[in-house]
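# Summary of structural features
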Amino acid sequence: MTTEPRRLRNYIDGEFRDAADGRTTEVINPATGTVYATAPLSGKDDVDAAMAAAAAAFPVWRDLVPGERQKALLRIADAIEARAEELIAVESENTGKPLALTRSEEIPPMVDQIRFFAGAARMLEGRSAGEYMEGLTSIVRREPVGVCAQVAPWNYPMMMAVWKFAPALAAGNTVVLKPSDTTPASTVLLAEIIGGVLGELGHPRGVFNVVCGDRDTGRLMVEHPVPAMASITGSVRAGMQVAESASKDLKRVHLELGGKAPVVVFEDADLAKAAEEIAVAGYFNAGQDCTAATRVLVHESVHDDFVTALVKVASETKTGAPDDEDVLYGPLNNAHQLEQVSGFIERLPAHARVETGGRRVGDQGYFYAPTVVTGLKQDDEIVQREVFGPVITVQSFTDEDQAVARANGVEYALASSVWTKDHARAMRMSKKLDFGCVWINTHIPLVAEMPHGGFKKSGYGKDLSAYGFEDYTRIKHVMTSLG
Ligand SMILES: NCCCC=O
């Protein structure tokens, strides 16, 4: 017996709706390769409706005292916690992620991040009011920006949605959020949860809207005259298109565009610990993480020992079905991504060596083996471009200067790590590494209070933290005569 694919719908102005013209796309479970749902392929009418709803809700939401927005966000966090098992099941079906790891590694930080921004709503900072000219008092007002058009990626659909809507709503903005066309399911469920809370509290229906669709839908959102800000997590190409479209009416842009994180391992590092932790940080979520430990640079004197240790951990690392508690990661997100990752391996130059992996696992779904590639040169494609798959490359270096040059010698600049017992060296490296984050003797942890965001082609603007929160505000100078 075949079951009909579930029908996902947009969430606009407090109600679930199909696309105005009825168009849909298929949503595939990447662990099985089968269609299990359809989602609206939204067009201009849907984007217009969502933007109108968000614009109508904005003045009311903006003018609430911050404590009311805090209360709403705290209730949303509680509701997500209460319905965590549903979210985990939906996310795992839509991404193939291991259920156990979604439960332990995604829900708790998501809930914590919403609670952080709930608190931040009441803690906006500004410089001191005062008399900077004789007889005149100046104050700074910090205000929300307006309607925010937000485009989330497919690697962490729920958590990236949180990174977008939580700071925006906390600051008093209203939101139109588009999930990736391959992973809309958990965002639609989030809309039900968030909309439910906002409705119970009597807030305007259009505070939070979800519009499903593809790249064209995203383009319609960014080009739309209503939003004052566009934020996107995605590829460099998508970010450049957003920046270009947004430039036409000078919208504010917030871009998180991926990475190619260097992992610099010095000869005095604890190699066994480094190999263990780097493998987890490189293969977690099938390496589909913009901060993944993807590009190891190891001192030449310990290169071979490190490779041996890493290959051992890699070959013991398991990928498999969402309900298998022993797996570290599930499938690649979609057939195109499997093709992309396979393509990088197929195009490796003759001087490269695949030490382990380098192949698809099984013929159902989009699983790929944990892979280690050595023998590379700095300008090789796999060193320069983001693979977004379970592939760790290893190069060597001779000294600190060469390590820095190779680490910085890519277009991305999001995250990096340095592994050494020498504190002074770690601090020198943290100054010289040209990345938005430098971890020392660890790689990949994130925390709500600290900023996440890059430089160069990794984009600009910060997620998480008070800095991320401020990105969703604007400041106004008010000056009053004392006479
Ligand atoms: N580990 C979370 C990184 C967010 C972007 O991929």
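If you're wondering where the values come from, they're calculated on a predicted model, not measured in any experiment.

Each value, and the rule that gives it
- Residues numbered from 1 in each chain as written.
- Predicted model: local features only at pLDDT ≥ 70, side-chain atom pairs only at ≥ 80, totals over all residues.
- Heavy atoms only, no water.
- Near = heavy atom within 4 Å.
- Polar contact = N/O pair within 3.5 Å; in protein donor to acceptor, adjacent residues only side chain to side chain.
- Areas by Shrake-Rupley, 256 points an atom, 1.4 Å probe, with all protein chains shown as cover.
- Nonpolar A, V, L, I, M, F, W, Y, C, P; charged D, E, K, R; others polar.
- UniProt positions renumbered as here; feature names shortened; annotations may be inferred.
- Helix = DSSP H or I, 4+ residues; strand = E, 2+ residues; numbered from the N terminus.
- Contact = heavy atoms within 4.5 Å.
- Salt bridge = Lys/Arg side-chain N within 4 Å of Asp/Glu carboxyl O.
- Buried < 20%, exposed > 50% of the residue type's maximum accessible area, 1.4 Å probe, protein only.

Moving on: the site of the ligand. Around the ligand, the structure places Asn-155, Tyr-156, Met-160, Trp-163, Glu-256, Asp-289, Cys-290, Thr-291 and Leu-446. Note that an oxygen atom of the ligand is positioned 2.9 Å from one of the side-chain N or O atoms of Asn-155. In the complex, the protein chains occlude 95% of the 240 Å² of accessible area that the ligand would expose alone. A class-by-class count of the residues in the shell around the ligand yields five nonpolar, two polar and two charged.

Right, let's talk about the UniProt feature "active site" (unreviewed entry) in the chain for a bit. According to UniProt, the positions carrying the feature "active site" (unreviewed entry) are Glu-256. If you trace the backbone, Glu-256 turns up in strand β12 (residues 252-256). In this view, Glu-256 contacts Ile-232, Thr-233, Gly-234, Cys-290, Leu-414, His-452, Ser-458 and Asp-463; residues no more than four positions away in its chain are not counted.

Glancing now at the pattern of salt bridges. Here the structure, examined in full by the defined rule, presents 31 salt bridges. Asp-268 is paired through a salt bridge with Arg-425; the nearest N and O atoms lie 3.2 Å apart. With Asp-268 in the loop between β13 (262-265) and α9 (271-283) and Arg-425 in helix α14 (residues 423-432), this residue pair connects regions lying 157 residues apart in the sequence. Relative accessible area serves as the criterion here: at 11%, Arg-425 is assigned to the buried category. The shortest N-O distance in the salt bridge between Glu-277 and Lys-273 comes to 3.5 Å. Of the two residues, Glu-277 and Lys-273 both sit in helix α9, four residues apart, roughly one turn of that helix.

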